[in-house]
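Inside the fold
Okay, here's what each chain looks like letter by letter:
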Amino acid sequence: MMEHNDDNLFQSEMEGVKPLQRAQDRISLRQRQRGSQSPTDAQLARREAAAQELQGDENLLTSEYVEMVGPHDILDYKRSGVQEGVYRKLRLGKYTVDAVLDLHRKTVEQARQEVFEFIRECTRHGVRTVMILHGKGDRSDPPALLKSYVNKWLPDLPQVMAFHSAQRQHGGAGALYVLLKKNEAKKQENRERHLRGR
């Protein structure tokens, strides 16, 4: 008897309440409604342009958050596997610099593009030691902005084996010596040289 009353009470309380539509049903309903409208030529062109832009920008460097360094800080980085003697020679400016990138008066976005392209091109041409002039950024706001970004970007590039702030005569804390990985052609050249030397 009690159960029957409970059922009646439940039925009277639920009167006028509509069952919830499942999310799946809502999505398929929306898709059916949308499906009747095909995208316009302009929308298709925009989608295509966006897809190409994503594919075209291979640059993995970001201009998001950066840990700031000081204008006069000495920057240094060495990937594991780089011999101490090689790194010491780089740090002391003993290697011939084969290419220079000057970032003075560049925006962060321009510098991001130029650093990426410069390192890629140098690697492609077998250049091993390069210099990047980022400036100290004494007068930039915030100070040392480009310098901080260069310090962030270089370790993100797999071609960069090591870098160190330059000697005073080459720009000191406003410049970097950068050691790049050997490209495949250079590695092959070295293997052949070693085989001939045996």
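How each quantity is defined
Residues numbered from 1 in each chain as written. Predicted model: local features only at pLDDT ≥ 70, side-chain atom pairs only at ≥ 80, totals over all residues. Heavy atoms only, no water. Helix = DSSP H or I, 4+ residues; strand = E, 2+ residues; numbered from the N terminus. Buried < 20%, exposed > 50% of the residue type's maximum accessible area, 1.4 Å probe, protein only. Contact = heavy atoms within 4.5 Å. Areas by Shrake-Rupley, 256 points an atom, 1.4 Å probe, with all protein chains shown as cover. Core = buried A, V, L, I, M, F, W, Y, C linked by side-chain atoms within 4.5 Å. Pairing = 2+ DSSP bridges. Axes fitted to C-alpha atoms, helices over the stretch in contact; angles between N-to-C directions. Phe/Tyr/Trp six-rings, centres within 6.5 Å; stacked < 30°, edge-to-face > 60°. Left-handed = near helix turned anticlockwise from the far one by under 90°. Nonpolar A, V, L, I, M, F, W, Y, C, P; charged D, E, K, R; others polar. pLDDT = per-residue confidence, 0-100.

**Comments concerning the overall build of the protein chain**
- Within the protein chain, the secondary structure is distributed over seven helices and five strands.
- If you list the helices and strands of the protein chain from N to C, you get α-α-α-β-α-β-α-β-α-β-β-α.
- Counting every position in the protein chain, which comprises 198 residues, the buried fraction comes to 30%.
- In the protein chain, once contacts between residues fewer than 6 apart in sequence are set aside, the share between residues at least 24 apart is 73%.
- In the structure as shown, the protein chain presents an accessible area of about 14100 Å², 50% of it carried by carbon and sulfur atoms.

**Details of the nonpolar core**
- Counting 29 residues, the largest nonpolar core has Val115, Ile119, Val130, Ile132, Leu154 and Val178 as the members making the most contacts within it.
- Looking at this core, the elements that each hand over two or more residues are strand 2 (99-102), helix 5 (108-124), strand 3 (129-133), helix 6 (145-153), strand 4 (160-165) and strand 5 (175-180).
- No other element matches helix 5, which puts seven residues into this core.
- Ranked by size, the runner-up nonpolar core spans 11 residues in total, among them Tyr87, Met131, Leu133 and Tyr177.

**Side note on the side chain of Thr123**
- Position of Thr123 among the secondary structure elements: in helix 5.
- Sequence-distant contacts of Thr123, defined by excluding residues within four places in its chain, comprise Gln159, Leu180, Lys181 and Asn183.

**So, the sheet that holds strand 1 (residues 76-78)**
- One open sheet accounts for five strands, arranged 1-4-5-3-2; its pairing is mixed. Taken across any chain shown, the strands that pair with only one partner, and hence form the sheet edges, are strand 1 and strand 2. The mean inter-strand angle of the sheet, taken between neighbouring strand axes irrespective of direction, is 20°.
- Note: strand 3 against strand 5, five bridges, orientation antiparallel. Paired with Ile132 across the bridge in strand 5 is Leu176.
- With respect to the sheet, helix 4 (residues 84-91) is in contact with strand 1, strand 3, strand 4 and strand 5, its orientation differing from that of strand 4 by roughly 40°.

**Points about the pairing of strand 4**
- Buried residues dominate strand 4, accounting for six of its six residues.
- Two elements, strand 1 and strand 4, share three bridges in a ladder whose sense is antiparallel. Paired with Lys78 across the strands is Ala162, a residue of strand 4.

**Describing the packing of aromatic side chains**
- Throughout the structure, instances matching the rule amount to two aromatic pairs.
- Seen from their ring centres, Tyr77 and Phe163 are 5.3 Å apart, and the 25° between their planes marks the pair as stacked. Linking Tyr77 in strand 1 with Phe163 in strand 4, this pair joins segments that are 86 residues apart in sequence.
- Using a relative accessible area of 1% as the deciding quantity, one classes Phe163 as buried.

**Quick word on the pairing of strand 5**
- Of all the six residues making up strand 5, six are buried; the element is thus mostly covered by neighbouring parts of the structure.
- Relative to strand 5, strand 4 runs antiparallel, the two being bridged by five bridges. When the bridges of strand 5 are listed, Val160 appears paired with Leu180.

**A closer look at the packing of helix 5 against helix 6**
- The interhelical angle for the contact between helix 5 and helix 6, taken along N-to-C directions, is 35°, at an axis separation of 11 Å. Here helix 5 and helix 6 pass one another in a crossing that is right-handed. For the pair helix 5 and helix 6, the contacting residues are Val108, Ala111, Arg112 and Val115 in the first and Leu145, Leu146, Tyr149 and Trp153 in the second.
- Residue composition of the contact of helix 5 with helix 6, by class: seven nonpolar, no polar and one charged.

**Some details on the confidence of the model for the protein chain**
- Predicted confidence across the protein chain gives a mean pLDDT of 82, with 68% of residues reaching 70 or more.
- Note on residues 27-36: pLDDT is under 50 here. Beyond four places in sequence and across chains, it has one contact.

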